[in-house]
Amino acid sequence: MRLSVAAAVATFCAAILLYPLFEGGSWFWGALGAVLAVLAASMLSGRLSLPLWAAPLVSVVALWIYLTASFAAGKAWAWVVPTKASVVALGKLLGTGWTDIQRFAAPVPANTGITLLTCGGVGLIALLVDLLAARMRRAALAGLPLLALATVPATILADPIGWPAFVIAASGFLGLLLADGRERVGHWGRAVLVRRTTRAAAPQPPPGARGQGRQVPERARETADTRGLRLSGKRIGFAAVVLAVLVPATLPSMEPVSFFTFGVGGSGSGTGNSISIANPIASLKGQLNLPAPRVVLSYTNSDDKPRYLRIFALDTFDGEQFGMTEPKGSPDNRTENGPLPPPPGLSRGVPVANAVTDVQISDEIAKLEFLPLPYPPRQIEVDGDWRADVDTLMVFSTREQAAGLEYKVSSSEPAPTSELLKSLPQSRPDLDARYLKLPDDLPPEIRGLADDITKGARTGYDAAVKIQEFFTKTGNFSYTLQTQGSGNSALKDFLLRSRAGYCEQFAASMAVLARLAGIPSRVAIGYTGGTKIGDRWLVGTNDSHSWPELYFEGVGWLPFEPTPTGSLGQGSARVPAYTVPPPDPVGDGSTPTPGATSSSADEPLSPQGRVNPRELDREATLQPRGLTAEEETPWAARLGLGAGVLLLILLVPAALRLLTRGRRLRRLDGAGRPPGPSSGQDAPRDGSGTGVSAVTGRRPAVAAVWTELDDLLLDYGMERGTSETPRALARRLAERYEFDADSAAALAAIASAVERSLFARSPGEFGPMRQNLRTVRKALAATVSRGRRVRAVLLPPSTLRRLRRLGEGLLDGFDRLESLRLRRTAPKGS
């Protein structure tokens, strides 16, 4: 029974680790009920002495009844007995809970389905722990299912598990191990054979009973005293938990292979080292709907031009909305390591606009682990562990937050001309197929619309321009925030009927039409360039924006702008100049990307007038150069902080020793005055260090001197004998270490004062005790090595002994609490 209770407590302690995953506390009480149901079934099985195979079945039935009564009582017979209808109801709730867990990011709402799923899972863990620990007597193996509970928050959340929850979970498992060890050790001892014979006064068994009048051997066992072993086990367990909490804080973090995965309506399991962010689409509309705009960030740049600042790049479309493929950032792609990976598809010969932008993020921005950046970033100077995804050049972190951050980014935005874009090759041999993938159930009307819009287009660029003009000119679209979603039905309604929406609908619709036209596309979410006030560009919540990015081999990803601009649309949005071809087919070749007006000189194209990406160096146009501002290495600051904390911890014993010595010396101020009447006891310590117990009245100063002397001897490795008197100690020390006359006299004065305070009716005056103690301390220090003196200052054994005894006292107190038993009242007449 004790093991069953310990198994239930261990399971529930481990379940507390799940608290960061949920909103509210309904899951907590439901999980507690599931654990108690399994505990009741386990105690019943033990009471009935059921075989090993039957006990788990009883626990399963008990858990099933509990879940039925808690979540499907209306479908059950008498609210507790499962029926077919209740089973169906539970199955539907489980399916709903599983769907909600895949849909929400942690912390998830603790609705009925999710709570049922959690309670059932915790109940099954409790069943396995009870089976292994209480039935199979394999308490150590019971840690495996408990570890499963710990791995759930560890793999989903980016932040580490809180140490209080870890301590509770570890304590529960240690309690299970201690209970199992107590059961095992408690059976040690020698077997005793006791023979029981029938007596005349004893009641006779009924006729025909077997063994009547025979001696019946009975095996008894003397119980071993396990108190010392239990205390040792608790000390080891307590030390292990403390080390498990403190040691990881002093070690560098391990580098994960993959950082995280999260869904923004796209595919993905949502497991792994995940990062919890709000749905970008929902956040986008929420910021645009705010009654008053608020500043999100501000920036300055070298050419004083507004720039779109991209945060997310959504590249998968599942028929409902665009989602994000799992970004990956290896240690090599840290921003502190220098230039970022080259932009995909950008080749030499394409003019670029180089700029350096200084960004200041507002302290009030919501939780954000991605940096708003102009695309494509070339190099970033930022504090913290920020990494770049190679495919999208999104810069993110699993440890840092963007709120209040200042950073500098160098960018090289492509500034192609319409002639250059028309001359690009149409093949894309190295591009991932996900940028063209569409669901099979896409409405045929939308496919037909794409064919009608791009009819007559000779190149991918021509098709892209026609699609943008469909939204900005020929399609009669209007801008409004009163719209819903971007799924198949909403997409069809937006393109074919209402033609009213905001940037989400425009961006997603153009990306879908571009894919239908054979142009790789994705959706970017971030901010427009904002408004210039003074010498800085201010970006507010009203500048939240979404736009499509289309891929052209040789140039890479280019932003397009299908959303209406100006007072009738997104006010700060800007149409890229290269998306508006001039009437004259011969262009000047100097039009930059949106907000980027400075560009590098055009380099000659190939003899045929077309860019051949296979013959060009894609990295040459980036012109990597170091950032000029000084950068403080974050690891150096962390190393210094860790060293400082470690130094403070090491100095704790020394500080305690100084405080103790100062307190004792302050008690010596009245040592030279004659003592008054006795009113209490405070005696010097005996050989074991327990202290004086007979100095009374105003004599505590003598006790303080003797206790300090006793600590000095221990610190210098000179402990006195158990039965050694103060006078004998003084004589031995003076003779062995050859004290000079002053030191020997000072030590003898201290010994005489102690003896008089112990045994004399009137001790008299004690003399200059502080000066005597200082003289003796110097004499003792002169007899030992320098290393011993340093240890006596930094790691004084007297203080370490007190700390050790304090810990032993705490553990002894826990042991006494465990040993408490309710006293049973003997029945009358016994």
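Reading guide: rules and limits
Residues numbered from 1 in each chain as written. Predicted model: local features only at pLDDT ≥ 70, side-chain atom pairs only at ≥ 80, totals over all residues. Heavy atoms only, no water. Helix = DSSP H or I, 4+ residues; strand = E, 2+ residues; numbered from the N terminus. Buried < 20%, exposed > 50% of the residue type's maximum accessible area, 1.4 Å probe, protein only. Contact = heavy atoms within 4.5 Å. Areas by Shrake-Rupley, 256 points an atom, 1.4 Å probe, with all protein chains shown as cover. Pairing = 2+ DSSP bridges. pLDDT = per-residue confidence, 0-100. Core = buried A, V, L, I, M, F, W, Y, C linked by side-chain atoms within 4.5 Å. Axes fitted to C-alpha atoms, helices over the stretch in contact; angles between N-to-C directions. Patch = residues over 30% accessible without salt bridge, like charges linked within 9 Å, V, L, I, M, F, W, Y side chains within 5 Å. Salt bridge = Lys/Arg side-chain N within 4 Å of Asp/Glu carboxyl O. Lys, Arg positive; Asp, Glu negative; His and termini not counted. Charge placed at Lys NZ, Arg CZ, Asp CG, Glu CD. Polar contact = N/O pair within 3.5 Å; in protein donor to acceptor, adjacent residues only side chain to side chain. Phe/Tyr/Trp six-rings, centres within 6.5 Å; stacked < 30°, edge-to-face > 60°. Lys NZ or Arg CZ within 6 Å of the ring centre and 35° of its normal. Parallel < 35°, antiparallel > 145°, perpendicular 65-115°, else oblique. Nonpolar A, V, L, I, M, F, W, Y, C, P; charged D, E, K, R; others polar. 1 Å grid on protein atoms, 1.4 Å probe; cavity = no way out; pocket = protein on both sides within 12 Å on 5 of 7 lines; lining within 4 Å. Points joined across faces, edges and corners; volume = space filled by probe spheres on them.

1. Let's talk about the overall build of the chain
Here comes step 1: Each helix and strand in the chain was counted, giving 22 helices and 20 strands.
Here comes step 2: For the chain, the residues scored as buried account for 46% of the 830 residues in total.
Here comes step 3: Restricting the contact set of the chain to residue pairs at least 6 apart, pairs at least 24 apart contribute 73%.
Here comes step 4: Summed over all atoms, the accessible surface of the chain reaches about 41,700 Å², with 59% contributed by carbon and sulfur.

2. What to know about the pairing of strand β20 (residues 556–559)
Here comes step 1: When strand β19 (residues 544–552) meets β20, the two strands line up antiparallel, connected through four bridges. Of the residues in β20, the one forming a bridge with E549 is P559.
Here comes step 2: The hairpin formed by β19 and β20 contains three residues between the paired strands, and G554 there has a positive phi angle of roughly 105°.

3. Some thoughts on the confidence of the model for the chain
Here comes step 1: Here the chain shows a mean pLDDT of 75. Residues at 70 or above account for 71%.
Here comes step 2: Across residues 584–634, where pLDDT falls below 50, the model places 113 contacts with residues more than four positions away in sequence or in other chains.
Here comes step 3: For residues 671–698, every residue scores under 50 in pLDDT, and the model assigns this stretch 76 contacts once sequence neighbours within four places are set aside.

4. Description of the nonpolar core
Here comes step 1: Counting residues in hydrophobic clusters, the biggest one holds 73 residues, and the most contacted among them are L297, Y407, F471 and L495.
Here comes step 2: When residues of this core are assigned to their parent elements, the largest contribution, eight residues, is made by helix α14 (residues 503–516).
Here comes step 3: When sequence neighbours within four positions are dropped, the list of residues in contact with L495 reads I446, L449, F470, F471, F477, S509 and L513.

5. Focus on the pairing of strand β18 (residues 536–540)
Along a regular strand, successive side chains alternate from one face of the sheet to the other.
Here comes step 1: Relative to β18, strand β5 (residues 295–301) runs antiparallel, the two sharing four bridges. Paired with S298 across the strands is L538, a residue of β18.
Here comes step 2: As paired strands, strand β17 (residues 531–533) and β18 are joined by three bridges and run antiparallel to one another. When the bridges of β18 are listed, T531 appears paired with L538.
Here comes step 3: Between β17 and β18, which pair antiparallel and follow one another directly, the connecting turn spans two residues, one of which, G534, has a positive phi of 70°.

6. Details of the sheet that holds strand β6 (residues 309–314)
Here comes step 1: An order of β6-β16-β19-β20 is seen for the four strands of this open sheet, with the pairing classed as antiparallel. On the outer flanks of this sheet lie β6 and β20, each paired with one strand and no other. Between one strand axis and the next, the sheet turns through 35° on average, direction left out of account.
Here comes step 2: In this sheet, β19 lies alongside strand β16 (residues 521–527) in antiparallel orientation, the contact comprising seven bridges. The residue bridging G526 from the neighbouring strand is H545, located in β19.
Here comes step 3: Packing against the sheet, α14 makes contact with β16 and β19, and its axis sits at approximately 15° to β19.

7. Brief notes about a negative patch on the surface
Here comes step 1: Where like charges cluster on the molecular surface, the negative patch consists of D318, E320, D440 and D441.
Here comes step 2: You can see D318 is positioned in the loop between β7 (316–317) and β8 (322–323).

8. Topic: unusual backbone geometry
Here comes step 1: In this chain, Y375 is followed by P376 through a cis amide linkage whose omega measures -5°.
Here comes step 2: Here P376 shows up in the loop between β9 (352–361) and β10 (377–381).
Here comes step 3: In this structure, R499 takes a positive phi of about 50° despite not being glycine.

9. Here's the deal with a nonpolar patch on the surface
Here comes step 1: On the surface, V61, I65, W77, W79, V80 and V81 cluster together into a nonpolar patch covering about 610 Å² of accessible area.
Here comes step 2: Considering the arrangement of structural elements, one finds V81 in the loop between α3 (54–71) and α4 (84–103).
Here comes step 3: Taking the relative accessible area as the measure of exposure, V81 reaches 35% and is therefore partly exposed.

10. Looking at the side chain of T392
Here comes step 1: Take T392: it is sitting in the loop between β11 (387–388) and β12 (395–396).
Here comes step 2: At 2.7 Å, the side chain of T392 and the side chain of D389 are in polar contact.

11. Some thoughts on the sheet that holds β17
Adjacent strands of a sheet form backbone hydrogen bonds with each other and so pair up, either parallel or antiparallel.
Here comes step 1: Pairing in this open sheet of six strands is antiparallel, and the strands run β10-β13-β9-β5-β18-β17 from one edge to the other. Looking at which strands have only one partner, the edges of the open sheet turn out to be β10 and β17. With strand direction ignored, the average angle separating the axes of adjacent strands in the sheet is 30°.
Here comes step 2: Bridging between β9 and strand β13 (residues 406–414) involves nine bridges; their strand directions are antiparallel. What sits directly across from D358, in β13, is K408.

12. Points about the side chain of R657
Here comes step 1: As for its position among the elements, R657 is in helix α16 (residues 652–666).
Here comes step 2: A relative accessible area of 3% places R657 in the buried class.
Here comes step 3: At 2.9 Å, the side chain of R657 forms a polar contact with the side chain of E708.
Here comes step 4: Within polar-contact distance, the side chain of R657 engages the side chain of S798 at 3.3 Å.
Here comes step 5: Leaving out residues up to four positions away in the same chain, R657 has contacts with R664, E708, D711, L712, D715, P796, S798 and T799.

13. Comments concerning the pattern of salt bridges
Here comes step 1: Evaluation of the coordinates by the stated rule reveals 23 salt bridges.
Here comes step 2: The shortest N-O distance in the salt bridge between D303 and R307 comes to 2.7 Å. A single burial state applies to D303 and to R307, both of which are buried.
Here comes step 3: The salt bridge partner of D432 is R434, with a shortest N-O separation of 2.8 Å.
Here comes step 4: One continuous salt-bridge network, built from bridges that share partners, spans R657, R661, R664, E708, D711, D715 and R802.

14. Let's talk about the packing of aromatic side chains
Here comes step 1: A complete count under the given rule lists 21 aromatic pairs for this structure.
Here comes step 2: An aromatic cluster of at least three residues, connected via ring pairs, comprises F12, F22, W27, F28 and W29.
Here comes step 3: The ring centre of Y375 lies 5.6 Å from the NZ or CZ of R522, which sits over that ring.
Here comes step 4: Residue placement shows R522 over the ring face of W557; its charged tip is 4.1 Å from the ring centre.

15. Quick look at the packing of helix α18 (residues 726–736) against helix α19 (residues 741–759)
Between two packed helices, what matters for the description is the angle formed by their axes and the separation of those axes.
Here comes step 1: Two numbers describe how α18 lies on α19: the axes approach to 8 Å, and their chain directions differ by 170°. By the angle between their directions, the pair α18 and α19 is classed as roughly antiparallel. For the pair α18 and α19, contact is made by P726, R727, A730, L733 and A734 and by A744, L747, A748, A751, V754 and E755, respectively.
Here comes step 2: In terms of residue class, the contact of α18 with α19 is made up of nine nonpolar, no polar and two charged.

16. Let's talk about empty space enclosed by the protein
Here comes step 1: Following the criterion strictly, the structure yields seven cavities of 30 Å³ or more and no others.
Here comes step 2: Considered as a void within the structure, the second largest cavity measures approximately 70 Å³ in volume.
Here comes step 3: Forming the walls of the second largest cavity are L421, L424, P425, Q426, R428, G460, Y461, I519, Y551, F552 and E553.
Here comes step 4: For the lining of the second largest cavity, the secondary-structure elements that each account for two or more residues are α12 (460–474) and β19.

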